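Okay, here's what each chain looks like letter by letter:
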Amino acid sequence: MREHLMRAALDAAARGWHVFPLRAGGKPPALHGEQSCPRTGECASGHVKWEQRATTDPDRIRTAWSRAPFNVGIACGPSGLLVVDLDVPKDKSSSDAPCGATTFRALCERAGHAVPDTYRVRTASGGEHLYFTAPAGVRLANTAGTVATSVDTRAWGGYVVAAGSITPAGPYEALCGPETAPLPSWLQAILQPAPRAPQAPSVAVSGHSRRYADVALTAETRNVASAQQGFREGALFRAARALGRFVAWGDLPRHVVEQALQEAGESAGLSAPECRSTLRSALNWSIAHNQARRAAA
């Protein structure tokens, strides 16, 4: 078992992926935490976390995995990876909850693309990890539900369990796609955060707030209408997320936002059904998550 896991760590490192030990049979890091840091060795100048300690050095890997049958963690950020986690519903009794693979496939279809062919791993729970090469010079963060229901991503600040690792729920197994494909531009457009709009002052009068919302609507509509091929779906998605807050706060009627973005999306080249589907999900999410922003401002 120990030799098998060491080989899994070395194989990942040979791909240029930075690895670190996870607890034997588990998924948490096996490295010491900040509270128990001895402040010696690598931590002499301060606690060094798993992301910084992950390595591709074969000698360090052999030394670490000779001590115990550690599972293998891959630090996504240092490895230049963006991993899409297609999860399965936690509530097995609900047959209505879609799995991540289903919602991601539907998202790809709306974007006009097939599910990308890339290196993938079946997780112990029955989900899948899709590995992509992150774009150079772009620092992507982890997301949870931003892409679609039951679809999370891991990048800087995140890690995944590597193929070859074994848990009580089952093994992590490489499925197909020996090569890691570049992150699709349309998916990057969804993941990259849009510039944050200035927050409305807490004592702003309603007239000023509505004028600010109107300016935002004009700007976002223009961004969608001018989006280039491959970035249109992402631009529409981000615009709906940004404007949904004004709908939640009562500054813009939902039908006005939907009509403006629908027309902008279609003028950019998206189909009417694509626009409606993207707008519905993005606005629903934004409205649900921005109910308290006005009161807290």
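Since the structure is predicted, the reported quantities are computational estimates derived from the model, not experimental observations.

*Asks:* Would you mind going over the environment of R120 with me for this structure?
*Replies:* Inspection of the secondary structure puts R120 in strand β4 (residues 120-122). A sequence separation of 53 residues divides R120 from E173, and the C-alpha atoms of the two residues are 8.6 Å apart. At 3.2 Å, the side chain of R120 forms a polar contact with the backbone oxygen of P116. Side-chain polar atoms of R120 contact the side chain of E128, separated by 2.9 Å.

*Asks:* What's the story with the packing of helix α9 (residues 254-268) against helix α10 (residues 272-289) in this structure? I'm lost.
*Replies:* The description of two helices packed together rests on the angle between their axes and the distance between the axes. Contact geometry of α9 with α10 gives a least axis separation of 10 Å together with a crossing angle of 140 degrees. Comparing their axes, α10 and α9 come out oblique. α9 and α10 meet at a crossing whose hand is right-handed. In this structure, α9 uses R254, V257, E258, L261, Q262, G265 and E266 to contact α10, whose residues at the interface are A272, C275, R276, L279, R280, L283, N284 and I287. Here the residues of the contact of α9 with α10 sort into seven nonpolar, three polar and five charged.

*Asks:* Looking at this structure, how should I read the state of the cysteines?
*Replies:* The term disulfide refers to a covalent linkage connecting the sulfur atoms of a pair of cysteines. Enumeration over the complete set of coordinates arrives at zero disulfides. In this structure C37 is not part of a disulfide, and its nearest cysteine sulfur, from C43, lies 3.7 Å away.

*Asks:* What should I look at first to understand the pattern of salt bridges in this one?
*Replies:* Side chains that carry opposite charge are capable of pairing whenever their charged atoms lie near each other. Scanning the model with the defined rule gives seven salt bridges in all. Among the ionic pairs, E128 bridges to R120, the shortest N-O distance being 2.9 Å. Assessed through its relative accessible area of 13%, R120 is described here as buried. Close ionic contact of R254 with E258 constitutes a salt bridge, the shortest N to O distance being 3.0 Å. Taken together, the residues R254 and E258, both in helix α9 and four residues apart, mark about one turn of the helix. For E258, a relative accessible area of 27% gives the class partly exposed. Beyond isolated ion pairs, a larger network of salt bridges with shared partners links E42, R53 and R60.

*Asks:* Can you help me understand the side chain of D87 in this one?
*Replies:* Its location among the elements puts D87 in the loop between β3 (81-86) and α5 (100-110). Dropping the residues within four chain positions of it, D87 is found in contact with C99, G100, S125 and S150.

*Asks:* Would you mind going over α10 with me for this structure?
*Replies:* For α10, built from 18 residues, the straight-helix expectation of 26 Å at 1.5 Å per residue is met to within 8% by its first-to-last C-alpha distance of 26 Å. Of the positions making up α10, those classed as buried are E274, C275, S277, T278, L279, A282, L283, S286 and I287. Buried residues along α10 sit against α5, α8 (232-248) and α9.

*Asks:* Please clarify how the packing of aromatic side chains should be interpreted in this entry.
*Replies:* Applying the stated rule across the entire model yields nine aromatic pairs. With 5.7 Å between their ring centres and 85 degrees between their planes, F246 and W249 make a pair best called edge-to-face. Taken individually, F246 and W249 each receive the classification buried, so the pair is uniform in this respect. By the ring-pair criterion, three or more aromatic residues cluster together here, those being W17, Y119 and Y131. Sitting above the plane of the Y119 ring, R15 keeps its charged end 4.5 Å from the centroid. Looking at R241, its charged tip hangs above the ring of W285, at a distance of 3.8 Å from the centre.

*Asks:* Would you mind showing me how to read the side chain of R53 here?
*Replies:* With respect to the helices and strands, R53 occurs in helix α2 (residues 50-53). Apart from the residues within four sequence positions on either side, R53 is in contact with L31, H32, E42, V48 and R60.

*Asks:* Would you take a moment to explain the layout of surface pockets for this structure?
*Replies:* If a probe the size of a water molecule is rolled over the atoms, the empty space left behind becomes visible. Taken as a whole, the second largest pocket spans an internal volume of roughly 350 Å³. Contributing to the lining of the second largest pocket are 16 residues, with K27, D85, H129, V161 and Y172 lying nearest its centre. Looking at the lining of the second largest pocket, the element that brings in the most residues is strand β8 (residues 159-161), giving three residues. Considered class by class, the residues forming the lining of the second largest pocket number seven nonpolar, four polar and five charged.

*Asks:* So what exactly am I meant to see when it comes to the environment of F70 here?
*Replies:* Tracing the sequence through the fold places F70 in the loop between α3 (58-65) and β2 (71-75). In this structure, F70 is in contact with L5, P21, L22, A24, A30, A64 and W65, ignoring residues within four places of it in sequence.

*Asks:* What exactly am I supposed to notice about the nonpolar core here?
*Replies:* General note: in soluble globular proteins, nonpolar side chains tend to be found buried as a group. In this structure, V84, F104 and L261 are the most contacted members of the largest nonpolar core, which totals 44 residues. Discounting chain neighbours no more than four positions away, the residues touching V84 are F104, E128, H129, L130, F132, V151, D152, T153 and L187.

Reading guide: rules and limits
- Residues numbered from 1 in each chain as written.
- Predicted model: local features only at pLDDT ≥ 70, side-chain atom pairs only at ≥ 80, totals over all residues.
- Heavy atoms only, no water.
- Helix = DSSP H or I, 4+ residues; strand = E, 2+ residues; numbered from the N terminus.
- Polar contact = N/O pair within 3.5 Å; in protein donor to acceptor, adjacent residues only side chain to side chain.
- Axes fitted to C-alpha atoms, helices over the stretch in contact; angles between N-to-C directions.
- Parallel < 35°, antiparallel > 145°, perpendicular 65-115°, else oblique.
- Left-handed = near helix turned anticlockwise from the far one by under 90°.
- Contact = heavy atoms within 4.5 Å.
- Nonpolar A, V, L, I, M, F, W, Y, C, P; charged D, E, K, R; others polar.
- Disulfide = S-S within 2.5 Å.
- Salt bridge = Lys/Arg side-chain N within 4 Å of Asp/Glu carboxyl O.
- Buried < 20%, exposed > 50% of the residue type's maximum accessible area, 1.4 Å probe, protein only.
- Expected span 1.5 Å × (residues − 1).
- Phe/Tyr/Trp six-rings, centres within 6.5 Å; stacked < 30°, edge-to-face > 60°.
- Lys NZ or Arg CZ within 6 Å of the ring centre and 35° of its normal.
- 1 Å grid on protein atoms, 1.4 Å probe; cavity = no way out; pocket = protein on both sides within 12 Å on 5 of 7 lines; lining within 4 Å.
- Points joined across faces, edges and corners; volume = space filled by probe spheres on them.
- Core = buried A, V, L, I, M, F, W, Y, C linked by side-chain atoms within 4.5 Å.

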